[in-house]
Amino acid sequence: MVDTVTGAGMPALFGARGYPPVLEWIARRAEAFVIPLAALVVGMALFSLFIALVGKSPILLYETMWRGGFGSWFSIQNSLSRAAPLLLAALCVALPARLGLVVIGGEGAIVLGGVGAAAIGVALSGSPSSIVILAMGVAGMAAGGIWIGAVGALRHYRAVNETISSLLMAYIAIALMNQLVERPLRDPASLNKPSTQPLADIYRIGNIPGMDVHWGLVVGVVACVLSWVLIEKTRWGFAARIAGGNVRAAQVQGLAVGPLIVGFTALAGGFAGLAGMLEVAAVQGSANASLAAGYGYTGILVAFLARHNPLAIIPVAILLGGIDASGGLIQRRMDLPDATVLVLQGMIFIVILFSETFYGRFKAFNPDLWKRAS
Amino acid sequence: MDATEIGLWGVPLAILGGAIRVSTPFIFVSLGEAITERSGRINLGLEGTLVFGAMTAYAVAVMTNSPWLGLLAAAFAGLFFGLFHGWICKFRGVNDIAIGIALMLFGSGLAFFFGKPFIKPKAPNLPAIPFGGWSDIPQVQAALDVNVLFLIGAVLSVILWWAFRNTRAGLIVRVVGDSSDAARAMGLNPDTVRLLATGVGGALAGIGGAYLSLYYPGSWTERISSGQGLMAVALVIFARWNPLGCFAAALLFGGAGALGPALQSVGVTQGYYLFYAAPYILTLIIMIVTSSPTRTLAGAPGELSITK
């Protein structure tokens, strides 16, 4: 899934067909924007049809969705808060995808990252808050990194299919979390909902000044930017893109594909683990079953919509965070089940995957095929 | 207090009974997936099909008061999902694994959407045959209460095993799965064969879902399936695409799934959640042991993306 169009032979074709070079430059890059956007619109149109078929008004639905997601400062902040874990969960899919791996078990890394962070936070209680928060972040990243790194290692060294193994490991992670918060890490005071001991307030992550959105959003955006730099601007990223295009070719070139795969999957899992840590430190205050809230699965959709480009993940995560945030309002105002949002996400996902078939089919995006301007 | 009367014998007995009860959806999903994968495609969306089948079966059974109509409806719903997967995957650049993931989410979402009103009502169950009537011990009777779908599944796996070897249809599916080019040279259209194979696979997964909601656990909830559809896909690889192997592996997985509840029934509650994870751990271990980076799997269809 390497983007073969990016930067392909631009100077050599400089104005060869008599068109302004800038036009060719735009045309070559437009495909990656236009096709996903068109797919998004088609997905939403199909969903309108679905809503009309069940006897509700699609116009009212989108109006409600807009109001619940982006219509007011309050709802925008709500959407941004939900986008924070989605950014990191999407990186857990996008980074391995650049190596040609389909990892879909980010949910497991989120859950274990949250448990690891909560355990460290409770164990170090009494230490200065900056040290504890840092240690929690490291613990969360380590827990998630080991989990998904293992998926990558199994893939490379044992040829175990990473899609299935990562999802199986997500189920195992959730069972592990249930066991840990049920027995060894349980706060005896948590009766109905087994949880770890609550973090003291000084160890919680607060809000960005002037907003009701926690710092996790900034962490997520920074992680996306760093991932983009890693993939596009470093030799490791270059090696990863080669290996993603053709493993054999990369091995012939002498690239250490094994460490590359383990490193990228571990980093990907680390980001998802960080999402779990942020949920604990900024939202929940302790680790419990709420960690498995489905961010890992929505993250898959975010990554595919963004075509595994870390920078594109930022707007897509905010968009899907908004759709997520509007779920409650849709349920209350339109008397639709809360799964409505899931149906919409599923439809968009299918249309996005279908849209892959249109890449390279339109002459408008490929100046090499343009007729000479007379 | 019956469990204490036969003491620890209750554990293997409960595992046996559990293996028969829990394995049935695995049998149907894995047989369906075996047909699909033999044709050269992989459908990870069967998890979503299973959930949607469970919902459809339950809803239709509630409305018509007939579990068999529910079963039929679930099979048709599964057929539809399978045909959709088979159709969309024929387009160039559309990845069958990714579409499967999308259908997994979409099928579950759609099932929750339409299944909301059916969480409360009670549907009639599929019938079971009491093979344990000769015994007075309630645990033995419970363990040998065998649902008809289990028996149908057992027969079906033998029929499929025979059909893959001895029938024209079986040969066509295998040729298409091994080489699209060879199939085209024989005048077969691989896309059509795969469309039908994925459709049949989906229908079988729908039946597996009907078993979940209409027999065991026997109610419709949003948590009805926890990865059975996905484990069945892994199980097919373990079974080397052999229907008889699928049946045996399904029994093994069913037994692993019954381990937690069986131990709980004799009073072992420590580590309950870890025993609950036993089927996932078993699946993972089996995948690790049976995969190899240096050789392709024996019996693997040549066109299958997952083993390439």
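As the structure is a prediction and not an experimental result, all values here were calculated from the model.

Basis of the calculations
- Residues numbered from 1 in each chain as written.
- Chains lettered and ligands numbered in written order.
- Predicted model: local features only at pLDDT ≥ 70, side-chain atom pairs only at ≥ 80, totals over all residues.
- Helix = DSSP H or I, 4+ residues; strand = E, 2+ residues; numbered from the N terminus.
- Rg over C-alpha atoms; globule rule 2.2 N^0.38 Å.
- Buried ≥ 20, exposed ≤ 12 C-beta atoms within 10 Å, placed from the backbone.
- Contact = placed C-beta atoms within 7 Å.
- pLDDT = per-residue confidence, 0-100.
- Domains from an automatic or database assignment.
- Axes fitted to C-alpha atoms, helices over the stretch in contact; angles between N-to-C directions.
- Parallel < 35°, antiparallel > 145°, perpendicular 65-115°, else oblique.
- Core = buried A, V, L, I, M, F, W, Y, C linked by C-beta atoms within 7 Å.
- Expected span 1.5 Å × (residues − 1).
- Bend = angle between axes of the 7 residues up to and from the residue.

1. Remarks on the overall build of chain B
Looking only at helices and strands, chain B has 14 helices and two strands in total. Its C-alpha atoms give chain B a radius of gyration of 20 Å, within 12% of the compact-globule value 19 Å for 308 residues. Its C-alpha atoms put chain B at 65 × 45 × 35 Å along the principal axes. Out of the 308 residues in chain B, the part that is buried amounts to 55%.

2. Topic: the overall build of chain A
In terms of regular secondary structure, chain A is built from 14 helices and zero strands. Listing the helices and strands of chain A from first to last along the sequence gives α-α-α-α-α-α-α-α-α-α-α-α-α-α. Scaling as 2.2 N^0.38, a compact globule of 374 residues should have a C-alpha radius of gyration of about 21 Å, and chain A matches this with 22 Å. Based on the C-alpha atoms only, the size of chain A along its principal axes is roughly 80 × 60 × 40 Å. Per-residue burial for chain A yields a buried fraction of 53% across its 374 residues.

3. Concerning the interface of chain A and chain B
Facing 38 residues of chain A, the contacting portion of chain B comprises 40 residues. Contributing elements (two or more residues each) for the side of chain A that touches chain B: α5 (129-158), α6 (162-182), α11 (295-305) and α14 (340-355) of chain A. The element best represented in the side of chain A that touches chain B is α6(A), accounting for 12 residues.

4. Quick word on the environment of F52(B)
Residues and elements named next belong to chain B. Turning to its location among the elements, F52 is positioned in helix α3 (residues 46-64). For the pair F52 and A210, spaced 158 residues apart in sequence, the C-alpha to C-alpha distance is 9.0 Å. Apart from the residues lying within four places of it in its own chain, the contact partners of F52 are A77, F81, G107, L110, A111 and G209.

5. Overview of the confidence of the model for chain B
Residue and element names in this part refer to chain B. Residues with a pLDDT of 70 or more make up 96% of chain B, whose mean pLDDT is 89. For chain B, helix α1 (residues 2-5) is the element with the lowest average pLDDT, namely 49, and helix α4 (residues 67-88) is the one with the highest, namely 97. Across the interfaces of the predicted complex, the ipTM metric reaches 0.91, alongside a pTM of 0.91.

6. Some thoughts on the domain arrangement of chain A
Residue and element names in this part refer to chain A. Taken domain by domain, chain A consists of domain 1 (1-56 + 336-374) and domain 2 (85-334). Of note, the centres of domain 1 and domain 2, computed from C-alpha atoms alone, are 28 Å apart. Here the side of domain 1 that touches domain 2 gets eight residues from one element, more than from any other, and that element is α14.

7. Considering the environment of K90(B)
Here K90(B) lies in the loop between α4 and α5 (96-115). In sequence terms K90(B) and D191(B) are 101 residues apart; their C-alpha atoms lie 6.0 Å from each other.

8. Things to note about the packing of helix α8 (residues 235-245) of chain A against helix α10 (residues 257-284) of chain A
Residues and elements named next belong to chain A. Remark: α8 packs on α10, axes separated minimally by 10 Å, with the N-to-C direction vectors making an angle of 105°. As judged from the angle between their axes, α8 and α10 are roughly perpendicular. Of the residues in α10, those in contact with W236, A239, A240 and A243 of α8 are V257, L260 and F264.

9. Concerning the nonpolar core
With 226 residues, the main nonpolar core has L87(A), A90(A), L91(A), I313(A) and L235(B) as its most contacted residues. For this core, the element with the highest residue contribution is α10(A), accounting for 16 residues. Taken domain by domain, this core gets at least three of its residues from each of domain 1 (1-56 + 336-374) and domain 2 (85-334) of chain A. In this structure, A90(A) is in contact with G299(A), V302(A), A303(A), A306(A), I313(A) and A317(A), ignoring residues within four places of it in sequence.

10. Points about helix α12 (residues 243-265) of chain B
Residues and elements named next belong to chain B. The terminal C-alpha atoms of α12 lie 33 Å apart, and with 23 residues this matches the ideal 33 Å at 1.5 Å per residue to within 8%. Within α12, the axis deviates most sharply at L259, by approximately 40°, and proline P261 lies no more than four positions further along. Positive phi shows up at G267, right after α12, with a value of about 100°.

11. Let's talk about unusual backbone geometry
Residues and elements named next belong to chain B. With omega at 0°, the peptide bond leading from Y216 into P217 counts as cis. Locating P217 in the fold gives a position in the loop between α10 (190-214) and α11 (228-238). Phi angles above zero are rare outside glycine, and R240 is one such case at about 55°. Its place among the elements puts R240 in the loop between α11 and α12.

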